[in-house]
Amino acid sequence: MSISDFIGESNEYDKKLKLEEKRPKSWLKSVSAFANGKGGILFFGVADDDTLVGLTDSRRDSEKISEIIKTRMDPIPQTDLELHEENGKQFIILRILSGIETPYYYVGDGSRTAFVRVGNESVQAGAVDLKRLVLRGSNRTYDSLSSHYPYENYAFTKLRSVYRQRTGKELEEADFISFGLVDENGMLTNAGALLADESPMRHSRLFCTRWNGLDKASGVMEALDDKEFDGSLLILLQGGEEFVKNNTKKRWRKIPDGRLEMPDIPERAALECIVNGLIHRDYLELGSEVHIDIYDDRMEIYSPGGMFDGSFVQNLDIDHVPSRRRNPIIADVFSRMNYMERRGSGFKKIKDDYHRAVNYRPEVEPVFYSDASSFWVTLYNLNYNVAMKEANAWSKNHSFENEKAIVLNEKQLFWGRETVVPQKSQLFEGRETVVSNEKQLFEDKINDSKVSTSAKRKILRLYEQIGNDMFFSRADVMRITGITSSPAGELIKKMKKEKLILPVAGHGKGRYRFHI
């Protein structure tokens, strides 16, 4: 294995120019963070700029590393140490496995300190991080912990009603214990408290806003509608679902067997996102709630807490994301009510719902983004900027047979998706040729620009997702490329300097579009 190749392909690594025996914390914090996270690799003999410098005596250093880990780490994490030679130079590759006895502490300087990974840095774990690590180390989850709320003091009318409606069965008293909603002492678990009609968990709320325009500060009237929901998770779910229905539109057109509906946002995709946002959120994050923000061109759903395993969703194969549940008891109850499946297929279901939609095109592909403490889903409005005749007028003036004979112009393009006519085929072929040519021109422009290869790859990824006609902001750059706020700002500066993008006026600050 080439160290250079590995560094270019992974984020789960750290590097040290040499072994610092007198300052072990400088590298043991990475050992702690990797063990407390999903594992990683520590390279010795590599400079900060990725230059392969090498070590003077790798065998002696390896013995010291093993000795220091045993005396300065508690508990001792599982590691694998390898002596590596490359281009005549000596290196040490220290692999740290993801631990099951978390937290893993660095012991020194009169204190015990646990570290976690945030991006590509190892930082001291905060109070909430430590709670998560303690729960993981004890093989417990937040929703399984017993609360101090007696079961007998709370009603579950909404849960019983929805359970009966969606399963055809009654929710028996014994089910509350077997489902994990009540402990053996008659106290609600956190899961039970979150599902009670008058939920005592005040930080479990849902904020919904329909914004005017494409961002939160259009300069005209910021919000067209807003709602706040609290109480049972089922009340939050139904409130969020109703808010989305009331603040999005559904076009339709007549077909021989009835009518074809064309919602702004596919209903199943929206429901799946709301369900996931409420079920998989991190309830240890106090003072943070699930948000639904609807704009003219998209809907964004924010949920506190990143991916449960610490990975970044934008770096994963969305069609094959393994099922890891932060709140398995809550997830199980919702699975029993057929709101979600037990296997991890939610992302794929959302994508499939979009792909089946009448007005689907690549630029409205759903976008998933996460960092260490947050998760966002962006569902684009399928009907935004799609020129179409009014549905009712179309159904009155054109029969299905006449529709086949319509010569499609730009405004009629998407109405004819279900019909087969030569003109439509020719129009699509011409459009694809134009898009292909535009992409090639832009790729040439990127290649001629004076930015790094890594930046070129990120810019091309942005262009493939956004295209020429859509606007984007720094938040979009972060979501699509997986970089944090400051690097995203720097990337925008580089694109502006190379005249790859132009600012867009009249849609709020910080909006851009690509320029060929």
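Quick note: structure is the one above.
Residues numbered from 1 in each chain as written. Predicted model: local features only at pLDDT ≥ 70, side-chain atom pairs only at ≥ 80, totals over all residues. Heavy atoms only, no water.

Side note on the overall build of the protein
Summing up its helical and strand segments, the protein has 17 helices and 20 strands in all. Summed over all atoms, the accessible surface of the protein reaches about 26000 Å², with 47% contributed by carbon and sulfur. (Helix = DSSP H or I, 4+ residues; strand = E, 2+ residues; numbered from the N terminus. Areas by Shrake-Rupley, 256 points an atom, 1.4 Å probe, with all protein chains shown as cover.)

A word on the nonpolar core
In terms of nonpolar packing, the biggest core is built from 93 residues, with Leu159, Phe334, Met495 and Phe514 touching the most fellow members. At 8 residues, the largest contribution of residues to this core is made by helix α9 (residues 267-279). Counting residues in hydrophobic clusters, the runner-up holds 20 residues, among them Leu28, Leu42, Phe44 and Leu94. (Core = buried A, V, L, I, M, F, W, Y, C linked by side-chain atoms within 4.5 Å. Buried < 20%, exposed > 50% of the residue type's maximum accessible area, 1.4 Å probe, protein only.)

Describing the pairing of strand β5 (residues 89-96)
As defined by bridge partners, strand β2 (residues 40-44) adjoins β5 across 5 bridges and the pair is classed as antiparallel. Paired with Gly40 across the bridge in β5 is Ile96. Here 8 bridges tie strand β4 (residues 79-86) to β5, and the two strands are oriented antiparallel to one another. Each bridged residue has a counterpart across the sheet, and for Thr79 the counterpart in β5 is Ile96. Hairpin connection, β4 to β5: the antiparallel pair is bridged by 2 residues, and Asn87 has positive phi, about 55°. (Pairing = 2+ DSSP bridges.)

Side note on the packing of helix α5 (residues 157-167) against helix α8 (residues 233-246)
Packing of α5 against α8 brings their axes to within 9 Å, and their N-to-C directions diverge by 65°. Between α5, through Lys158, Leu159 and Val162, and α8, the contact on the second element is made entirely by Leu234, Ile235 and Gln238. (Axes fitted to C-alpha atoms, helices over the stretch in contact; angles between N-to-C directions. Contact = heavy atoms within 4.5 Å.)

Focus on the environment of Ile96
Looking at where Ile96 falls in the secondary structure, it is placed in strand β5. When its relative accessible area of 3% is taken as the criterion, Ile96 is described as buried. C-alpha of Ile96 to C-alpha of Tyr13: the two residues are 83 residues apart in sequence and 9.7 Å apart in space. Ignoring sequence-local partners within four residues, the contact set of Ile96 consists of Val31, Phe34, Ala35, Gly39, Gly40, Leu42, Gln78 and Thr79.

Remarks on the packing of aromatic side chains
As enumerated under the stated definition, the model contains 16 aromatic pairs in all. Ring centres of Tyr13 and Phe43 lie 6.2 Å apart, and the angle between their planes is 65°; on these two criteria the pair is classed as edge-to-face. Here Tyr13 is found in strand β1 (residues 13-16), whereas its partner Phe43 is found in strand β2, with 30 residues between them in sequence. Grouping residues by exposure puts Tyr13 and Phe43 together as buried. (Phe/Tyr/Trp six-rings, centres within 6.5 Å; stacked < 30°, edge-to-face > 60°.)

Some thoughts on the sheet that holds strand β11 (residues 205-211)
If you walk across this open sheet you meet the 6 strands as β12-β11-β15-β16-β18-β17, and the pairing is mixed. Two strands lie at the open edges of the sheet, namely β12 (223-230) and β17 (367-370), each paired on one side alone. Strand-to-strand twist across the sheet, computed as the mean angle between neighbouring axes with direction ignored, equals 10°. Sheet strands in contact with helix α11 (residues 346-355) are β17 and β18 (374-380), and its direction is about 15° off that of β18.

Concerning unusual backbone geometry
The omega torsion of the bond from Asp74 to Pro75 falls at -10°, within 30 degrees of zero and hence cis. Position of Pro75 among the secondary structure elements: in the loop between β3 (73-74) and β4. A cis geometry characterises the amide bond from Thr102 onward to Pro103, with omega recorded as 0°. In this fold, Pro103 is placed in the loop between β5 and β6 (105-108).

As for the sheet that holds β5
Taken in spatial order, the 4 strands make up an open sheet running β1-β2-β5-β4, and their pairing is mixed. Edge positions in the open sheet fall to β1 and β4, since each of these has one partner strand only. Going across the sheet, the axis of each strand differs from the next one's by a mean of 20°, ignoring polarity. The strands that helix α2 (residues 25-36) touches are β1, β2 and β5; relative to β2, the one it contacts most, it runs at about 160°. Packed onto the sheet, helix α3 (residues 58-72) meets β2, β4 and β5 and runs at close to 20° relative to β5.

Remarks on the pattern of salt bridges
If you walk through the whole model with that rule in mind, you get 32 salt bridges. Arg117 is the partner of Asp14 in a salt bridge, and the nearest nitrogen-oxygen pair spans 3.5 Å. Here the residue Asp14 occupies a position in strand β1, and Arg117 occupies one in strand β7 (residues 111-118), the gap between them amounting to 103 residues. The salt bridge involving Lys15 is made with Asp50; its shortest N-O contact spans 2.3 Å. A residue pair is termed long-range when its members are at least 10 positions apart, and Lys15 in strand β1 and Asp50 in the loop between β2 and α3 qualify at 35 residues. Residue Lys15 is classed as buried on the basis of its relative accessible area of 15%. Beyond isolated ion pairs, a larger network of salt bridges with shared partners links Asp297, Arg298, Glu300, Asp476 and Arg479. (Salt bridge = Lys/Arg side-chain N within 4 Å of Asp/Glu carboxyl O.)

Focus: α2
Taking 1.5 Å of rise per residue, 12 residues should cover 16 Å, and α2 covers 16 Å from first to last C-alpha, within 8% of that figure. Burial within α2 is extensive, with 10 of its 12 residues counted as buried. The set of residues buried in α2 consists of Ser26, Trp27, Leu28, Ser30, Val31, Ser32, Ala33, Phe34, Ala35 and Asn36. (Expected span 1.5 Å × (residues − 1).)

Some points on the pairing of β11
In terms of burial, β11 is a largely internal element, 5 of the 7 residues being buried. Sheet analysis places β11 next to β12, joined by 7 bridges and oriented antiparallel. Bridge pairing in β12 places Cys208 opposite Lys227. Sheet topology note: the β11/strand β15 (residues 290-294) ladder contains 5 bridges and is parallel. Looking across to β15, one finds that Thr209 is bridged to Asp293.

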